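Fold and contact review
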Amino acid sequence: MIQLESLTKQYGPTTVVDGVTLAIASGSITVIVGTSGSGKSTLLRMINRLIEPSGGRVLIDGHDTSATPVHLLRRKIGYAIQGHGLFPHRTVGENIATVPRLLGWSAARIQARVDELLRIFQLEPAEFAAKFPHQLSGGQQQRVGVARALAAEPAVLLMDEPFGALDPIIRGKAQQDLLDIQRRFGTTVVLVTHDMDEAFHLGDHVAVMSQGRLLQYDPPALLLTRPADPFVSRLTGTADRSLKLLSLTTAGEAAEPGVGEGPSVPAAASLREVLSDLVWSGATAATVMRSDGTPAGRLTLAGILARGRAG
Amino acid sequence: MTPTPPPLHRIDRLGALLGTASIAAVAWLPFVTFKANRIASGTARSLFEVLPFGTALAVAGIVVVVAAAAIGVASPRSRLAAAIVGIAVVALALAAAAADLTPPGNRLVRVSPGVGCWVLLLVQALLATDALARLRPGPGLRVLCLALTGAVLYAAFALGLFDQLSIMREYAVNAGTFAREARQHVLLATGSLGAAVLVGLPLGVLCHKVPRLRAATLQVLNLIQTIPSIALFGILMVPLGALATAAPWARELGVSGIGAAPAVIALFLYALLPVVANATVGLGRVSPAAVDAARGMGLTGRQVLTQIELPLALPVIVTGIRIVLVQNIGLVTVAALIGGGGFGTFVFQGVGQTAIDLVLLGAIPTVVLAFSSAVVLDALVDVMSRAPQ
Ligand SMILES: Nc1ncnc2c1ncn2[C@@H]1O[C@H](COP(=O)(O)OP(=O)(O)OP(=O)(O)O)[C@@H](O)[C@H]1O
Ligand SMILES: [Mg+2]
């Protein structure tokens, strides 16, 4: 649990982050969105005190972060940034080993952890551990950056536009990797992005910032159905909000009991994809199939449309 | 881009210039200068006057072949080989000429290289370095070449090949002081460099961390750099002299208005600018993302500096040290004027006695020392820059 209490940052007369209060549940992903200059990075960097707050406090699992020496605090919090920030004079293996070394892990444990992380990120240790960052592709560098942030098994991971520099395909892959890893380790993730699709895809909660203020902090669906401020609807976009809403629910979650006629769709598909399928095939209902091939229920066109409406 | 024509049939411009110069030198310029004694006025002798006709013809022939290679051969390897053969032949011819012109047992006669000989050696050395540069040798190979050249030269001198040359006569007279002044020269140059690194590196780090300090510091150091060395020695003589008179402890430490103290201080002051400026520039070039990530992962300020910033800035810092070392080796020569010692002692003695060979006895080792340090430190910078940036 991370609690921000009236967190404020001022540079001279300008207030860059203005009294932000919010509670982030352990093991969840919170995505911070907002226009450029709205204070997203500043808010994130106050959590590991790369920026000292001017007012308010940050509690992690009930402990005030200002009570711990900064460098010790930061070693327990993963940190990954856009452009990865890998150390160019150190190999991939050494980069990943940075925090474990600072923590004084044994060489054998560090080695095992580096290999494990490289495998998780589909980088064969024998091939990649001894390479230097400049010998990797952008996508590989970015994966090493996240692997490095996760090296010491932090309970909290802070990410500032980590996938900002990647092309759409690699970015989708990186997002899936992050979701898998977050589930596997139960890490609490706080991520800053400009990309609303990324926010909706990854976030259990989305925090909307504007001019230093927190406008709304809710699950993605609520941002669409109950925007707290006209700015929020502007940011999420109103033209395709029903489709965005449908994309947040899977066929498995929405399936009604009964056996359906029409095309069969996988349970993991989003309602948006099922709708597209129905429009395409001209059917009015679909059968939802689990990944093991057993039917999970049915979906009707009317039922899907009802879920795409506010309220 | 236009495709480059096949190199074989092209005339090499630099080669043409240097080749023509060497042929002209062997044909028309005096090969050696002969003096009956140290202060007698010299007479110029051509290659054919000082060596048996056959030998002279062979030497001239080889010079022409080397020149032809410089003009018409494209392969850098062949050009290098030709230049090295040329240098060796000219050097041996010089040694032979000196031996021939010196009657047995005569210690008065002076034979020194003439203009033509100098031109030949210089031109062929240029051809050799040019060919070497075209081969783009790695840092290790460059240092190896330097070491080999040093070993060959050492062997030639140890064998007494050039003992009849005037400059070696001067050396023989000054052998004792030569070793002492050499040590003093190296000590002055490296000592002031060491002090400048000890002070300049922390100052550079400070300038990097406190941008307001940077402009002022660099301006002051720049100003110092513009003071001519002789003037700076002069300026330092006054306070140091006063200090030595006033404080016996300072005098016991060897501080006085003249001698090594003002020399070391002046060199130290000159050295500060390159060290501080390069440290600041090098640190400024370190990727901000890497520094941010390092801090974010919990490296302390000192760890960020020593593990990330300084290693990444090192090639630029060492480049600054290289500049200082080469600059210092040259400047130490001037220190002899105020009794600081070093090779400059011979230069100024030689100037006083109008003995050009004595001047060369000071000047040539200085150039060799500066050149060698440049090669070694350049190689070091190369090795460090290869660590990926
Ligand atoms: N050191 C500083 N001094 C003064 N103002 C600052 C400083 N750092 C940031 N700011 C200002 O604070 C505001 C918020 O900056 P911040 O980096 O948090 O924005 P952001 O939401 O992350 O923007 P972006 O999406 O462009 O990354 C900006 O207006 C910026 O100019
Ligand atoms: Mg930002």
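Residues numbered from 1 in each chain as written. Chains lettered and ligands numbered in written order. Predicted model: local features only at pLDDT ≥ 70, side-chain atom pairs only at ≥ 80, totals over all residues. Heavy atoms only, no water.

1. Things to note about the sheet that holds strand β12 (residues 285-289) of chain A
Residues and elements named next belong to chain A. Short version of the rule: Any two strands with at least two DSSP bridges between them are considered paired. Runs of H or I in DSSP of at least four residues are treated as helices and runs of E of at least two as strands, each being numbered from the N terminus. As a rule, the C-alpha atoms of each element are fitted with a line to give its axis, helices using only the stretch in contact, and angles between N-to-C directions run from 0 to 180 degrees. In what follows, residue pairs with any heavy atoms lying within 4.5 Å of each other are defined as contacts.
Taken in spatial order, the three strands make up an open sheet running β11-β12-β13, and their pairing is mixed. The open sheet terminates on both sides in strands that have one partner only, identified here as β11 (264-266) and β13 (295-300). Averaged over neighbouring strand pairs, the angle between their axes works out to 35° when direction is ignored. With five bridges joining them, β12 and β13 adopt antiparallel strand pairing. In the sheet register, Ala 286 faces β13, and the bridge partner there is Leu 299. Lying over the sheet, helix α14 (residues 271-281) contacts β11, β12 and β13, oriented at roughly 135° with respect to β12.

2. Some details on the side chain of Asp 12 of chain B
Residue and element names in this part refer to chain B. Using the following cut-off: Any N or O atom pair separated by 3.5 Å or less is treated as a polar contact, with the protein-specific requirement of one donor-capable and one acceptor-capable atom, and with residues adjacent in sequence counted only for side-chain atom pairs.
On the secondary structure map, Asp 12 appears in the segment before α1 (13-28). There is a polar contact of 2.6 Å between the side chain of Asp 12 and the backbone nitrogen of Gly 15. If sequence neighbours within four positions are ignored, Asp 12 has contacts with Ala 70, Ile 71, Arg 79 and Arg 134.

3. What to know about the site of ligand 1
Residues and elements named next belong to chain A. Heads up, the condition is: A cutoff of 4 Å decides nearness: a residue is near a molecule or strand if any of its heavy atoms lies inside that distance of it. For the accessible areas, the method is Shrake-Rupley and the probe is 1.4 Å, while residue cover comes only from the protein chains on display. Charged residues are taken to be Asp, Glu, Lys and Arg, nonpolar residues to be Ala, Val, Leu, Ile, Met, Phe, Trp, Tyr, Cys and Pro, and polar residues to be all remaining types, Gly included.
In the vicinity of ligand 1, the contacting residues are Tyr 11, Val 16, Thr 35, Ser 36, Gly 37, Ser 38, Gly 39, Lys 40, Ser 41, Thr 42, Glu 161 and His 194. A distance of 2.9 Å is found between an oxygen atom of ligand 1 and a backbone nitrogen or oxygen belonging to Gly 37. Take Gly 39: an N or O atom from its main chain is 3.0 Å from an oxygen atom of ligand 1. Burial of ligand 1 by the surrounding chains reaches 56%, relative to a free accessible area of 640 Å². Broken down by element, the residue count for the shell around ligand 1 peaks at three residues, all from helix α1 (residues 40-47). Here the residues of the shell around ligand 1 sort into two nonpolar, eight polar and two charged.

4. With respect to the interface of chain A and chain B
Put simply, the rule is: Each of two parts loses accessible area, computed with a 1.4 Å probe, when they are put together; buried area is these two losses added. Any Lys or Arg side-chain nitrogen located within 4 Å of an Asp or Glu carboxyl oxygen qualifies as a salt bridge.
Facing 21 residues of chain A, the contacting portion of chain B comprises 18 residues. For the pairing of chain A and chain B, the buried interface totals around 1,800 Å² over both sides, and the portion due to carbon and sulfur atoms is 65%. By the criterion of area lost to chain B, the three top residues of chain A are Phe 87, Pro 88 and His 89 of chain A, representing 28% of everything that side buries. The interface formed by chain A and chain B contains one salt bridge. Residue Asp 292 of chain B pairs with Arg 45 of chain A through a salt bridge whose shortest N-O separation is 2.8 Å.

5. Some thoughts on the environment of Ala 336 of chain B
Where we set the bar: The buried label applies to any residue whose accessible area, calculated with a 1.4 Å probe on protein chains only, is under 20% of its type's maximum; exposed applies above 50%, and partly exposed to all values in between.
Within the fold, Ala 336 of chain B resides in the loop between α13 (301-335) and α14 (344-352). Accessibility expressed as a relative area gives 16% for Ala 336 of chain B, which makes it buried.

6. Here's the deal with the domain arrangement of chain B
All names here are of chain B. Put simply, the rule reads: Where each domain begins and ends is defined by an automated method or by a domain database.
Under the domain assignment used here, chain B contains domain 1 (13-165) and domain 2 (175-386). Contacts between the two partners involve ten residues from domain 1 and, on the opposite side, 15 residues from domain 2. Both sides together, the interface formed by domain 1 and domain 2 hides about 920 Å², and carbon and sulfur atoms give 66% of it. Its largest share of buried area at the contact with domain 2, domain 1 owes to Pro 139, Arg 142 and Leu 146, together 48% of the area lost on that side. Between the two partners, domain 1 and domain 2, sit one salt bridge. Elements with a contribution of two residues or more to the side of domain 1 that touches domain 2: β3 (110-113) and α6 (139-158). Top element by residues in the side of domain 1 that touches domain 2 is α6. It accounts for four residues. Residues of the side of domain 1 that touches domain 2, tallied by class, amount to four nonpolar, two polar and four charged.

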